[in-house]
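Structural overview
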There are 6 protein chains.
Amino acid sequence: MRANHIKDLWAEGRVATNIFLGLPDSFAAEIIAGQGWDGVTIDMQHGLIDYQVGVTMLQAISQFEATPMVRVPWNDPAIIMKVLDAGAYGVICPMINNREEAKRFVGACRYAPTGYRSTGPVRAAFYAGPDYHQHAAETILTFAMIETQDGVDNVDEIFTTPGLDAVYIGPSDLSVSMGGLPGGDQRTPEVMAAIETILAAAKQHGIKAAIHAMTSEYANEMIEKGFDLVTLSNEYRHMATRAAQVLGEVKV
Amino acid sequence: MRANHIKDLWAEGRVATNIFLGLPDSFAAEIIAGQGWDGVTIDMQHGLIDYQVGVTMLQAISQFEATPMVRVPWNDPAIIMKVLDAGAYGVICPMINNREEAKRFVGACRYAPTGYRSTGPVRAAFYAGPDYHQHAAETILTFAMIETQDGVDNVDEIFTTPGLDAVYIGPSDLSVSMGGLPGGDQRTPEVMAAIETILAAAKQHGIKAAIHAMTSEYANEMIEKGFDLVTLSNEYRHMATRAAQVLGEVKV
Amino acid sequence: MRANHIKDLWAEGRVATNIFLGLPDSFAAEIIAGQGWDGVTIDMQHGLIDYQVGVTMLQAISQFEATPMVRVPWNDPAIIMKVLDAGAYGVICPMINNREEAKRFVGACRYAPTGYRSTGPVRAAFYAGPDYHQHAAETILTFAMIETQDGVDNVDEIFTTPGLDAVYIGPSDLSVSMGGLPGGDQRTPEVMAAIETILAAAKQHGIKAAIHAMTSEYANEMIEKGFDLVTLSNEYRHMATRAAQVLGEVKV
Amino acid sequence: MRANHIKDLWAEGRVATNIFLGLPDSFAAEIIAGQGWDGVTIDMQHGLIDYQVGVTMLQAISQFEATPMVRVPWNDPAIIMKVLDAGAYGVICPMINNREEAKRFVGACRYAPTGYRSTGPVRAAFYAGPDYHQHAAETILTFAMIETQDGVDNVDEIFTTPGLDAVYIGPSDLSVSMGGLPGGDQRTPEVMAAIETILAAAKQHGIKAAIHAMTSEYANEMIEKGFDLVTLSNEYRHMATRAAQVLGEVKV
Amino acid sequence: MRANHIKDLWAEGRVATNIFLGLPDSFAAEIIAGQGWDGVTIDMQHGLIDYQVGVTMLQAISQFEATPMVRVPWNDPAIIMKVLDAGAYGVICPMINNREEAKRFVGACRYAPTGYRSTGPVRAAFYAGPDYHQHAAETILTFAMIETQDGVDNVDEIFTTPGLDAVYIGPSDLSVSMGGLPGGDQRTPEVMAAIETILAAAKQHGIKAAIHAMTSEYANEMIEKGFDLVTLSNEYRHMATRAAQVLGEVKV
Amino acid sequence: MRANHIKDLWAEGRVATNIFLGLPDSFAAEIIAGQGWDGVTIDMQHGLIDYQVGVTMLQAISQFEATPMVRVPWNDPAIIMKVLDAGAYGVICPMINNREEAKRFVGACRYAPTGYRSTGPVRAAFYAGPDYHQHAAETILTFAMIETQDGVDNVDEIFTTPGLDAVYIGPSDLSVSMGGLPGGDQRTPEVMAAIETILAAAKQHGIKAAIHAMTSEYANEMIEKGFDLVTLSNEYRHMATRAAQVLGEVKV
């Protein structure tokens, strides 16, 4: 089975970079995937992307070494299984707040006896190889998002869910859930404390820790703390940032 | 009829900013169009964009003041008329090398008796208003691209074509046509001389002059020279530039 | 934050008009949205419309003052949050039968602490402005559809759900649920009694009342009764009605 | 080979009804095609429709007896052959002004020795049957649009082009070409005279005569004059007309 | 109401053939549907197909006698009702493991009082006729997939669910659920025993029995056993098989 | 610059296999491209494929070693340049009948001074590498289709066109052009004589010879004759053939 590049990096003790895609377009995906990111994540939750165009984005990413991942809109086995069958090598699931939700998520990603995923990896087997079924569990990454106070309170029961590979922290929702403001790169004491709690629990239970960042500064701080994967915002923000900067430089 | 923002700026003696779109996606178009560019040009020539998605991009741009324009793939009345009917307020036509080609292009953009455009401005009339037919000629901009040695040699006959509003210089093709290398922001003596020739002829014949730039430096130089519109590369290059920069800053 | 036109009308004590869209096409949406309807609702339940094309329809509607709304296929947080992130300013949710379902629906529409909506209003913030998060709750409308006998029986517990703005009555499903025939503009005593019950409860609990109509006659009757919003069928029925009429007039 | 319904009607001396489609949507096409129109024409010239969605519209129309036709954007063999291979049973070609243009158009519609159409009727053979090649010339209709003064002046040489089945009059372009205003249902003396000239020439040379109408009144007048096919506007105008009417009836 | 071809066959005591579609393309669907299969099933579970393109596939199939069916991604009323409104005449629902799940599935397919399907058969009524509502329950087929050990254990309570028409066996998932390997045409004693158990229960409770096969050999064996419908793999496997065979025959 | 697999094979004196794609779907393209074909050609002439979906097909093919090629609908620089910019490594152009047409075709594929292709290889440079411009002429294949008697008569002037790499024979059109029947694998004496003439001229002028076949038998015969590339029909015919065969084997 084709290797999962992020897992390979982790096996060497390295940190992985990741970027989100929010534009429903396979060419933007292809450009980004060719830049050397370790993971490229199609954001079907907040990005403007639905399944059908997501498939063409997975195809575009497949030319490269980057691990193709999908953030699904919700903890729903229908879409989780569909993106896996389409070849996703990692699934990030929002709003995991307790063990039951974690089991529902992980179960949708794993074949029996671990989970309840239906077999039929139509495109995945083309991407991965004919031995997909045998090695899927050890190759495909499952990320549970902890982004609420409930999630923070239940990290132990969540992180010990069999088949869960990693936690993914969304600082913006975490802040909102705690009564703060939305926005990335949160540094309020409350959010930072929650991040520390989650990170420590991940280390304790032997799962990997990933976090969403809007800037390289925040990402680097989080790497310093011990995170295993950092996401650096998404392609449309980078586009908007640079376009606005250039426009500002023109003297008209 | 809804005004053409670039024409309004030009009437005040100001320079207009423009950006190209190469991604086939209406959300990228919407983000860019909301940034304050004076013109936003859907690049159907080198961009990965065909007519059907181009329509949704025109719709997205229509929320803003920016002039929606299209660079057509070729000097072909079929696509020129289709993008005009879809609401383009400016057409940039590649590879105009002589008077005959200029007439073919401008004629496709204008109703009789000036041209031979077929009437049926299906979406354009929704965008522009019910008096579209009467004011289309004075509102919609026609840009002839001069990007070959032939075009440079024939600027006088091209620029005096009735109904032609502006010239658009493509420095990369100009360089290639003269035996040089491709790439934006050309500064070889040969290309600079050609640019000066074209610019002078445009001033002489009373049409506007526009040029493609990859950087704000080059754009500002061209504004200094007297250009009326500068394009600052396109959205996918800005995306790629910024994403690569951020990736480079992460310490993994 | 950009205002919600329907809320503005309601603040003035006026009745709002609304129309449904069932064709998956942004140009039909644009034509309709330009006609002066107060609300334009993309019908993702019974219309032939999925999320991806729905986004382009929201973009087309955004050029106009009309409030862009979506009827979601089902009470599912995944799609509710996705259409809100895409810029919907109102959500109509089918088949709300009790308090628990109402809370699930409204919670998906509201950020913490009222609800559990995940933050990331990707396109919504472009449409609404940077203060989207702060004003979303007071701007975005939530409509619970009452269209079953259970729903009618539970109007009090449903209408007092915090964050619920309005009820939306579907007379056809209401009739079917009561053992009657499907079809719009129901006037059977059973359905009329249920409508009166719902309307009275809405008035009592201070939420707005909306209803689906197939004809202007029925809509006007409902306005007389005190409804705050009337939907006048959808664009494809209007198309079919007029096309059939014209065909019938031709003497071949 | 599956019969061409319009040709069958004409063989019985009857007049055919036709409608244009301007919305890029196969469901609108399906609704219209099911209403009993004799022809349904996908308008790729002024409609917002490109080839790919046009194919799905042809598929939708194929369920019904109506003749599926396409108005192509321009007299271009590339698109003419593509829509024929996709199953169009009639092609309406804009802006035929002389014999040479007529031959170019008709030649693209006919296999050798009459024309130069390339063989490969990929979907057409599924729609029509395995004997498509043998009967294509006698089944598929070619309509040359006469909509300029030049076209009117050259009707004799145009209408005697071998393989041309019919003329299609566009009164709006005809008016514009003669210095008048655009708009359907033209009744100025100049346009009416041109219509009479075209109609008489069609009768003389044994080809059929078709005309575009915006209302049933105009269509009926034209039937009285002897036209063989009348088009009654298009689906989006019918939609807009009826929706606006209903909106006007609501008392808010 | 238009008849359901498979139901007609069954009424005559005959066995129906079926094929799955996994490519998101209406032309592949049209080619297959024209070959004489009794049922053609759009596979939205493991196929790479989402709702929007699924609608165009249903339209393409509608030209033919074959029963258009959909395998939905999951037991979710949102998508079940959407595909029914789009004109599916049969729904195959994966992973039905007990009576509660069977009721949830069947209820989504049936109007009150049997079920809770919302009325609004937008395209279905065009396909089926105006009496759709009255005859939908007796015309539209519901298939519960039994593909886990739990499902096998609960066949009696599942098969006696009012409104359930048939069982559909997925041998690959059945095998995986029992600890075996995935893959079609399972013949292990465990799977064969389960198939016999399911088939016997179906016969006992008077519902039809359908099964997925990869080869005609397996299908014929299952027909011998008494199955009422056999699926013969899908269009992309047939494509791949034949293409690979031809490639292997070329002597390069 | 990434190598052209077919050119590499030819450099070793080997024969290349090729297949056409007629379904507008990137997953079918991906399956086929993964089978080991030396070339995979998106058929935009007779296939039901337009540019936008063609781009996603090119992306899917790019994962594999196979040379991605496009048969364009017509000898039109607009679409030729667009598919090259999208990453096609070979262009097959229909209906080349004389030197002028050959020059128009080849010129659209080559940068100055050989041709008149506009520079802007947006996706091509991602696929090929940053040195695309310098090596494009020696890497990208140009195939002129000879499929008329005129073309046969003019093989010498066509085959000596600078920049033309190969001839591609379409036996079906060749037969029709000579007064014969359409259909692949033509063996009439007239067509065979024409094939021999073309092949001999290709050998004489040092260009490669390619031919379209429907069966491996015909392809093998042509390889025996000395052809350098054989196309083995297309993916939808293989799909249809195999599906029909399997259906025929079922005993219902």
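If you're wondering where the values come from, they're calculated on a predicted model, not measured in any experiment. (Residues numbered from 1 in each chain as written. Chains lettered and ligands numbered in written order. Predicted model: local features only at pLDDT ≥ 70, side-chain atom pairs only at ≥ 80, totals over all residues.)

The next point concerns the arrangement of the chains. At no point do chain B and chain E touch; the closest pair of C-alpha atoms across them sits 16 Å apart. These two, chain C and chain F, are apart from each other, with no contact and a minimum C-alpha gap of 16 Å. (Contact = placed C-beta atoms within 7 Å.)

This paragraph deals with the pairing of strand β3 (residues 67-71) of chain B. On any regular strand, side chains alternate: one points to one face of the sheet, the next to the other face. All names here are of chain B. β3 sits mainly inside the fold: five of its five residues count as buried. In β3, alternate side chains face the same way, and those of T67, M69 and R71 on one face and P68 and V70 on the other are all buried. Bridge count for strand β2 (residues 39-43) against β3 is five bridges, and the pairing is parallel. Across the sheet, residue T41 finds its bridge partner in β3, namely M69. Crossover connection from β2 via helix α3 (residues 51-61) to parallel β3: handedness right-handed. Pairing of β3 with strand β4 (residues 90-93), which is carried by three bridges, proceeds in the parallel orientation. Each bridged residue has a counterpart across the sheet, and for M69 the counterpart in β4 is G90. (Buried ≥ 20, exposed ≤ 12 C-beta atoms within 10 Å, placed from the backbone. Helix = DSSP H or I, 4+ residues; strand = E, 2+ residues; numbered from the N terminus. Pairing = 2+ DSSP bridges. Right-handed = clockwise from strand over helix to strand, strands pointing away.)

The subject of this paragraph is the nonpolar core. Inside soluble globular proteins, nonpolar side chains tend to come together where they are buried. Judged by nonpolar contacts, the single largest core of 617 residues is most densely connected at V167(A), V167(B), V167(C), V167(D), V167(E) and V167(F). Excluding residues within four positions of it along the chain, V167(B) makes contact with F143(B), A144(B), I146(B), F159(B), I198(B), A202(B), I207(B), A209(B) and A210(B). (Core = buried A, V, L, I, M, F, W, Y, C linked by C-beta atoms within 7 Å.)

Right, let's get into the relation of the copies chain B and chain A. Least-squares fitting of chain B to chain A yields an RMSD of 0.0 Å, with the superposition described by an axial translation of 0.0 Å and a rotation of 180°. The symmetry that links the two subunits is that of a two-fold axis. By C-alpha distance to the rotation axis, the residue of chain B lying nearest is M239(B), at 1.8 Å. The share of interface residues of chain B whose copies in chain A are also at the interface is 100%, consistent with both copies meeting through the same surface. (Least-squares fit on C-alpha atoms with pLDDT ≥ 70 in both.)

Bringing the interface of chain B and chain A into the picture now. On the chain A side, the residues contacting the 36 residues of chain B number 36 residues. Looking at the side of chain B that touches chain A, the elements that each hand over two or more residues are β1 (16-21), α2 (26-33), α12 (216-225), β8 (229-234) and α13 (235-249) of chain B. The leading source of residues in the side of chain B that touches chain A is α13(B), at twelve residues. Of the residues that constitute the side of chain B that touches chain A, the class distribution is 23 nonpolar, seven polar and six charged. (Nonpolar A, V, L, I, M, F, W, Y, C, P; charged D, E, K, R; others polar.)

Let us look at the sheet that holds strand β7 (residues 208-213) of chain A. All names here are of chain A. The parallel closed barrel is built from eight strands, whose spatial order is β1-β2-β3-β4-β5-β6-β7-β8. With direction set aside, neighbouring strand axes in the sheet form an average angle of 25°. Docked against the sheet, helix α5 (residues 99-109) engages β4 (90-93) and β5 (141-146), running at close to 160° with respect to β5. (Axes fitted to C-alpha atoms, helices over the stretch in contact; angles between N-to-C directions.)

Mapping chain A onto chain E leaves a residual RMSD of 0.0 Å; the transformation is a rotation of 120° accompanied by 0.0 Å of translation along its axis. As the rotation angle and translation indicate, the two copies are arranged about a three-fold axis. Little of the interface of chain A is mirrored in chain E, where only 12% of its interface residues are also at the interface.

On to the environment of I79(B). Residues and elements named next belong to chain B. In this fold, I79 is placed in helix α4 (residues 77-85). Judged by the 24 C-beta atoms lying within 10 Å of it, I79 falls in the buried class. Distance from I79 to F27, taken between C-alpha atoms, is 23 Å for residues 52 residues apart in sequence. Leaving out residues up to four positions away in the same chain, I79 has contacts with Y51, V72 and P73.

Turning next to the interface of chain A and chain E. Facing the 17 residues of chain A at the interface are 19 residues of chain E. For the side of chain A that touches chain E, the elements supplying multiple residues, two or more each, are α3 (51-61) and α4 (77-85) of chain A. No other element matches α4(A), which puts four residues into the side of chain A that touches chain E. Partitioning the side of chain A that touches chain E into residue classes produces eight nonpolar, five polar and four charged.

What follows deals with the confidence of the model for chain A. Per-residue pLDDT for chain A has a mean of 97; in total, 100% of the residues score no lower than 70. Taken together, the chains of this predicted complex give a pTM of 0.98 and an interface ipTM of 0.97. (pLDDT = per-residue confidence, 0-100.)

Turning next to the sheet that holds β4(B). Sheets are built from strands that pair by backbone hydrogen bonding, the pairs being arranged parallel or antiparallel. Residue and element names in this part refer to chain B. With parallel pairing, the eight strands of this closed barrel are ordered in space as β1-β2-β3-β4-β5-β6-β7-β8. Between one strand and the next, the sheet's axes are offset by a mean angle of 25°, whatever the strand orientation. Sheet analysis places strand β5 (residues 141-146) next to strand β6 (residues 166-169), joined by four bridges and oriented parallel. Counterpart to M145 in the pairing with β6 is Y168. On top of the sheet, α12 reaches β7 (208-213) and β8; it is set at about 170° to β8, its chief contact.

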